[in-house]
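The chain contents come next:
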Amino acid sequence: MKFTLSWLKDHLDTEADAATIADKLTAIGLEVESVEDVGARIADFTVAHVVSAEKHPNADKLKLCMVDTGADIVQVICGAPNARTGIKVVFAKPGVTIPASGDVLKVGAIRGIESRGMMCSERELLLSDEHDGIIELPADAEVGTPAATALGLDDPVIDIALTPNRGDCASVHGIARDLAAAGLGRLKSGAVHKVPGKFKSPIAVTLQFAPDTKAACPLFVGRYIRGVKNGPSPKWLQDRLRAVGLRPISALVDVTNLLSLDRGRPLHVFDADKLVGNVHARLAEDGEELLALDGKTYALDSAMCVIADSNTARGIAGVMGGEETGCTETTVNVFVESAFFDPVSVAATGRKLGILSDARYRFERGVDPEFVIPGMELATRLILEFCGGEPSEIVVAGSVPQWQREIAFRPDAVKRLAGLDLPLQEITRILTNLGFTVEPGTPLKVMPPSWRSDIDGAADLVEEVVRIHGLEHVPSVPMARPHAIARPVLTAAQKRLRSVRRLLASRGFNECVSYSFIPRVHAALFGGGDEARQLENPIAADLDAMRPSVLPSLLAAAARNQARGISDLVLFEIGAAFDSGLPGEQKTVAAGIRIGAGARDWSKSVHPADAFDAKADLLSAIESAMGSAMTAPVRAGAAQWYHPGRAGTLALGPKVIGQFGELHPRVIAAFDLKGPVAGFEIFLDAIPEPKAKSKARALFAPSAFQPVERDFAFVVDARISAEDVLKPARMVDRALIESVAVFDVYEGKGVPEGKKSLAITVRLQPKDKTLTDAEIEAVAQKIVTAVTKATGGTLRT
Amino acid sequence: MPDVQALETSVLNAIAGASDEAALEAVRVSALGKKGAISELLKSLGGMSPEERKANGPLFNGLRDRVAAALAARKTALGEEALNARLAFEKIDVTLPARPEATGSIHPVSQVLDEVIAIFADLGFAVAEGPDVEFDDYNFTKLNIPPDHPARQMHDTFYLKEQADGSRHVLRTHTSPVQVRTMLKQKPPIRIIAPGRTYRVDSDATHSPMFHQFEGLVIDEVTNLGHLKWTMEEFCKAFFEVDEVELRARPSFFPFTEPSVEWDMRCDRSGGQIRFGTGNDWLELAGSGMVHPRVLEMCGIDPSRYQGYAFGAGIDRLAMLKYGAPDLRPFFESDLKWLRHFGFTALDLPTLAGGLSR
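Conventions we followed
- Residues numbered from 1 in each chain as written.
- Chains lettered and ligands numbered in written order.
- Predicted model: local features only at pLDDT ≥ 70, side-chain atom pairs only at ≥ 80, totals over all residues.
- Heavy atoms only, no water.
- Helix = DSSP H or I, 4+ residues; strand = E, 2+ residues; numbered from the N terminus.
- Buried < 20%, exposed > 50% of the residue type's maximum accessible area, 1.4 Å probe, protein only.
- Contact = heavy atoms within 4.5 Å.
- Areas by Shrake-Rupley, 256 points an atom, 1.4 Å probe, with all protein chains shown as cover.
- Lys, Arg positive; Asp, Glu negative; His and termini not counted.
- Charge placed at Lys NZ, Arg CZ, Asp CG, Glu CD.
- Domains from an automatic or database assignment.
- Buried area = accessible area lost by both parts, 1.4 Å probe.
- Salt bridge = Lys/Arg side-chain N within 4 Å of Asp/Glu carboxyl O.
- Polar contact = N/O pair within 3.5 Å; in protein donor to acceptor, adjacent residues only side chain to side chain.
- Disulfide = S-S within 2.5 Å.
- Pairing = 2+ DSSP bridges.
- Phe/Tyr/Trp six-rings, centres within 6.5 Å; stacked < 30°, edge-to-face > 60°.
- Axes fitted to C-alpha atoms, helices over the stretch in contact; angles between N-to-C directions.
- Parallel < 35°, antiparallel > 145°, perpendicular 65-115°, else oblique.
- Left-handed = near helix turned anticlockwise from the far one by under 90°.
- Nonpolar A, V, L, I, M, F, W, Y, C, P; charged D, E, K, R; others polar.
- Expected span 1.5 Å × (residues − 1).

This part takes up the overall build of chain A. When helices and strands are tallied, chain A shows 20 helices and 41 strands. Counting only C-alpha atoms and orienting by the principal axes, one finds that chain A spans roughly 125 × 85 × 60 Å. Per-residue burial for chain A yields a buried fraction of 51% across its 797 residues. Residue pairs at least 24 apart in sequence account for 69% of intrachain contacts in chain A once pairs closer than 6 positions are excluded. In the form shown here, chain A has an accessible surface area of approximately 36,400 Å², with 53% of it arising from carbon and sulfur atoms. Considering chain A, the positive charge centre built from 90 side chains and the negative charge centre built from 100 side chains are found 7 Å apart.

Right under this line is the structure:
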């Protein structure tokens, strides 16, 4: 919502300048987006008269001018082709800063002749890109006065961002009312006088709605004015419209725009001779079309309200008029429409048709229902003033919709909600100045004015009081501390997530945060891409599927980095993976990838990322989340996006808590990635909550007796897994055997075809005595027996 | 009678001339070995008369001790030489790079969230979470935005495909539905922050279709705008790690709060950087207000007894401001160079004791 300072002063008696007004507007909730004050920017430039202009003795294209600045006559060298004797110009004296360049003008010599000032082009003043010549001011511009005044640019333009609840401030009068209430001046009367009708309107108006849809238009007012002469509107009106970014069209149209901006009252003026029969408001018929004033044809439907004559729809109610019945220069008789349309209906129609208009802007925020008829009277008066003609009596269909309501208000609510201690008379004063009626009593009875449809409860009244009194007066009050020393607040799951995040970063992973939506083709590779997880209105065609896994986000990120020449990547993300399109059916996943053949390294210490890297990442992350060792065994195989022979799954009972491995070559190819990719996914919600336990650690009781290590190598079928060998060995004597570990796996010379040698080391830790050789031998024998029995292998000798 | 003097000279010369441990050992054997020259001399003492023994004993023993000492000294010297030779041989080029190790990083969004949590945890705010896909009811209706309300249009909502029952779920446009969920299941007093991913159909340098918010909610019997003001001031000082901030409160409009207030912070943008607490610019920080009585009512809380404030701010936005990232979009592009430039190390866990940032 834009307006000029002088326009505001038509409604507000104030001495305040634009900056003061702008600050106050923002302070009371009418946020100022910009103050365009050209006058202030070019305040140093004045009107001057070119007394003479002759050719520069030393240059063909320069002129030597004598310029009357009002204070004295100075010599100025000028290169503009239009610099000539007799014109009035915009003059800058030495010391003035030129807006376009930011340079301070100095007394200079051009081609050997002194120049004591400058005559400016529009571009030099940042008024436009025009630089073909200097500005020529009207001949009656007074020498020595500010150039801004002569240019008609001395009226600052203020633009405010209106919140959707403040329809009343979509008008200069409404803004003035708020400012007056806030103490920045006195609101001038907006009283409107009736214009008596001279004859009965030849066009009647009716409302044609079913009982359940009549709220769309409760009041429709019309007036016939005959014998008008349309033409340009007066200069002051044109200037005003231009200043706020509107194009003057004709007196009749400009009047409607003026009323809309000045009073927040949208109107429409039909060329009465183009209407057929009477006028009514009704819902559109499905399939009905209208060529609107913007030159576009809109397809209407039965949820939209239209203004129609006997033939067809002539305007989209509250949104835009029709082209065919619009006013032109030849219009002689007009029919003026002033109506009240339902905000919700106008908003829905405008949204559906994609029309943003000044009328919609106001109707959807709610216009003043009591100003429908005064708006008509004011418009009539202006049309008669600008275009002549003779008005009919007003025709009215429907009635002003009920807006009166009473709010029981306990003034201590101001203290209770806002912490602001205000005397009753200050609260009453503010509300009264805003147009509220306040009846004394306990509680107070407060009636909002007709233009404040947004107010419906005590909290709204508190807001009115606080914003006008000033939010800056609200005292800052410390919050009570629930505990003298803060207690921990994070849940076990939150601590787990945090720990996994920092652990992975410490292992060299770079954390990514990716969109939760990914291309459908990528989702399909990870078990998603189904209709239920598709977005109805994606921001881009390839960001349409809620991701079923975090891995595709990381793979896409890796591919983007590879395209930028970074081949080795270690990335992770912790975020949601979506199991369906339903609220709550998502899981929190920590996923990571290692990709690339390894940096080219002189020490040859780097190897291409493989499943065992991913396994180490997975286990260390899970262990950091659990705060204890992960002892559950890994089983071979994982989801379809992993390499079928190089992936594993970690589960606690039926709960899968993670999977890892090399990714499937098909997946790697689909992302156009170079190099093997090892990855893992940890399902953080599936990790069991730690059991509540004492902070004290278990008793530290290391055995006093020497541990013993024995190595065994077994020749087993190649298909036998390490775990097949380790488990029976471990089970031989769980008290005595502290650990069992693989230290060598060998296939090749010396081992039969189809077999492999698997060497393990077993560490025995006696608790109560030193082991004898015989006891060690007995355990070793049991281990050999157990493993060979379980695996069908033999002890390698 | 051998010439003891000559023998000594000869042995000591041999010791000095031994070039390695093997040669030295050969000298030792030839002098002090079982059949060594000096051993023979010592043996010969047994066959001498007491007078001869008395004269030769000290002579021979002295010879043996000096030779033994010379042998030991030479052995030490040779060992030293051998070690020096080995050390010289073992020299490496220490200017070669260390073995490569991947350097990890924490995303600024995570880091800033940890900073925010550190601050609010100190005031007893718990961290509440909720799903990204939400019911229309929780995202809008229970927040006093009925289906036909124009304010819905301000939200640029992402919708999922229509369900079989005709309902349409949304990607939450703010984390306010977490407030709703909290109020529905927890009785006052409530103090939470609700951080998380939020979504709007919007994309430019300062808008992304996905971004992060944290909202605060306090519900009890006394909390008012004054407490909100104090919270905003204290949060800003703590978060931006400055001694003073100047905040500006602007009345605003949100359907779920009444009165509604937006907070701006004084800053100085001159010189291509942002400094806080000084200058003539204002920076939008957070939207807030007193929770609308209708929202309380719809969430099962009696508005005649309970009241409180809610606020919301952008986590990514705070990260941009505090750490000087001018563009929002790269936050979600995972460009390794960007991640490293704006990232934090694993050990940079923000604490109030140690400061939120280094």
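Next comes the rest of the account.
On to the domain arrangement of chain B. Per the domain assignment, the segments making up chain B are domain 1 (4-89) and domain 2 (108-340). If you average the C-alpha positions of domain 1 of chain B and of domain 2 of chain B, the two centres end up 91 Å apart.

Right, let's get into the interface of chain B and chain A. Taken together, the contact pairs 92 residues of chain B with 89 residues of chain A. Taking both partners together, chain B and chain A bury about 7,600 Å²; carbon and sulfur atoms supply 58% of that area. Along the contact surface separating chain B from chain A lie 8 salt bridges. Counting across the chain B and chain A interface gives 39 residue pairs in polar contact (both at pLDDT 80 or more).

Tallying each qualifying case throughout the model produces 0 disulfides over all chains. Free cysteine A:Cys78: the closest other cysteine sulfur is in A:Cys65, separated by 5.4 Å.

Residues and elements named next belong to chain B. Pairing in this open sheet of 3 strands is antiparallel, and the strands run E2-E4-E3 from one edge to the other. In this open sheet, the two strands that pair with only one neighbour each are strand E2 (133-134) and strand E3 (158-159). With 2 bridges joining them, E3 and strand E4 (residues 170-171) adopt antiparallel strand pairing. Within E4, the position partnered with Tyr159 by the bridge is Val170.

Attention now goes to the side chain of A:Asn510. Tracing the chain through its elements places A:Asn510 in strand E29 (residues 510-511). Among the polar contacts made by the side chain of A:Asn510, one reaches the main-chain carbonyl oxygen of B:Thr103 at a distance of 3.3 Å. Side chain to side chain, A:Asn510 and B:Ser105 meet in a polar contact 2.8 Å long. Contacts of A:Asn510, omitting those with residues within four sequence positions, involve A:Val570, A:Leu571, A:Phe572, B:Thr103, B:Gly104, B:Ser105, B:Leu336, B:Leu339 and B:Arg340.

Residue and element names in this part refer to chain B. Throughout the structure, instances matching the rule amount to 28 aromatic pairs over all chains. On the basis of an interplanar angle of 70 degrees and a centroid distance of 5.0 Å, the ring pair of Phe120 and Phe125 is categorised as edge-to-face. Of the two residues examined, Phe120 and Phe125, each falls in the buried class. Ring geometry for Phe235 and Phe239: centres 5.5 Å apart, planes at 15 degrees, overall stacked.

Before going further, it helps to spend a moment on the packing of helix H6 (residues 235-243) of chain A against helix H7 (residues 251-263) of chain A. Residue and element names in this part refer to chain A. Taken N-terminus to C-terminus, the directions of H6 and H7 make an angle of 60 degrees; their axes are 11 Å apart at the nearest point. Compared by their axis directions, H6 and H7 come out oblique. Handedness of the crossing formed by H6 with H7: left-handed. Seen from H6, the contacting residues are Trp236, Leu237, Gln238 and Leu241; seen from H7, they are Asp254, Asn257, Leu258 and Leu261. Class assignment for the residues of the contact of H6 with H7 results in 5 nonpolar, 2 polar and 1 charged.

This part covers the sheet that holds strand E41 (residues 794-795) of chain A. Residue and element names in this part refer to chain A. Ordered by their spatial adjacency, 4 strands build an open sheet running E39-E40-E38-E41, and the pairing between neighbours is antiparallel. Edge positions in the open sheet fall to strand E39 (737-746) and E41, since each of these has one partner strand only. Bridge analysis of strand E38 (residues 708-717) against strand E40 (residues 755-764) gives 10 bridges, and the strand direction is antiparallel. Within the sheet, the bridge partner assigned to Val715 lies in E40 and is Ser757. Sheet contacts for helix H19 (residues 722-731): E38, E39 and E40; angle to E39, the most-contacted strand, approximately 150 degrees. Helix H20 (residues 773-791) rests against E38, E39, E40 and E41 of the sheet, and its axis sits at about 20 degrees to E38.

What follows concerns helix H10 (residues 372-387) of chain A. All names here are of chain A. The terminal C-alpha atoms of H10 lie 22 Å apart, and with 16 residues this matches the ideal 22 Å at 1.5 Å per residue to within 8%. Buried positions along H10 lie against strand E15 (219-226), H6, H7, strand E23 (334-340) and strand E24 (390-391). Positive backbone phi, approximately 70 degrees, marks Gly388, located one or two places after H10.

On to the packing of helix H2 (residues 21-32) of chain B against helix H3 (residues 37-44) of chain B. All names here are of chain B. Close contact between H2 and H3 brings their axes to 3 Å; oriented N to C, the two are set at 20 degrees. One element, H2, and the other, H3, form an angle in the roughly parallel class. Only Ala37, Ile38 and Ser39 of H3 make contact with H2, whose side of the interface consists of Ser30, Ala31 and Leu32. Grouping the amino acids of the contact of H2 with H3 by side-chain chemistry returns 4 nonpolar, 2 polar and no charged.

A word on unusual backbone geometry. The omega torsion across A:Thr442 and A:Pro443 is -5 degrees, close enough to zero to call that bond cis. Mapped onto the elements, A:Pro443 comes out in the loop between strand E27 (437-439) and strand E28 (444-447). With omega at 5 degrees, the peptide bond leading from B:Pro188 into B:Pro189 counts as cis. Tracing the backbone shows B:Pro189 in the loop between helix H7 (176-185) and strand E5 (190-199). Its identity is not glycine, yet A:Leu126 carries a phi of approximately 60 degrees, on the positive side. Residue position: A:Leu126 is located in the loop between strand E10 (118-119) and strand E11 (136-137).

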